[in-house]
Amino acid sequence: MKKILIYTMEGKKMCFLHALMNAKQLKEAGHEVKIVIEGMSCVLPKELEEEKNPLYLSLKNDGTIQGVCLGCSKTLGVYEDNEKAGLRFLGDMYNHAGVLDYVNDDYEVLIF
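Residues numbered from 1 in each chain as written. Predicted model: local features only at pLDDT ≥ 70, side-chain atom pairs only at ≥ 80, totals over all residues. Heavy atoms only, no water.

What follows covers helix H1 (residues 13–28). Here H1 is 16 residues long and its end C-alpha atoms lie 22 Å apart, about the 22 Å a rise of 1.5 Å per residue gives. Of the positions making up H1, those classed as buried are Phe 16, Leu 17, Ala 19, Leu 20, Ala 23 and Leu 26. Where H1 is buried, its residues contact strand S1 (3–8), strand S2 (32–37), helix H2 (44–50), helix H3 (54–61), strand S3 (65–69) and strand S5 (108–111). Positioned one or two residues after H1, Gly 30 has a phi angle of 100 degrees, which is positive. (Helix = DSSP H or I, 4+ residues; strand = E, 2+ residues; numbered from the N terminus. Expected span 1.5 Å × (residues − 1). Buried < 20%, exposed > 50% of the residue type's maximum accessible area, 1.4 Å probe, protein only. Contact = heavy atoms within 4.5 Å.)

Below is the structure:
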């Protein structure tokens, strides 16, 4: 079993959905998977919440989605939307969501 961090950066919905599908497939194969939402992808939770996307919601509700970048949420004007979605704000890297803690915990990092 591997430990994998999926670090999403792209603001394109299709790219983000592929990150979610990979997370689900890896989890089903027995790997430990975490997702961090960073960069432009911080704008996508609002849309996925509104459409009640089942894949997104299942990964959010089971704790796979660790949280969303604090700095990018504020810069991109989606702080309130992400707060309303119940996402945890991550800011351990100069108010952005870093990978250091995951790397130190032996996670392999995949960037989408």
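The five strands lie next to each other as S4-S3-S2-S1-S5, forming an open sheet whose pairing is parallel. At either end of the open sheet lies a strand with only one pairing partner, and these are strand S4 (89–90) and S5. Bridge count between S2 and S3: three bridges; the pairing is parallel. Within the sheet, the bridge partner assigned to Ile 35 lies in S3 and is Ile 65. Contacting S1, S2, S3 and S5, H1 crosses the sheet at an angle of about 170 degrees to S1. (Pairing = 2+ DSSP bridges. Axes fitted to C-alpha atoms, helices over the stretch in contact; angles between N-to-C directions.)

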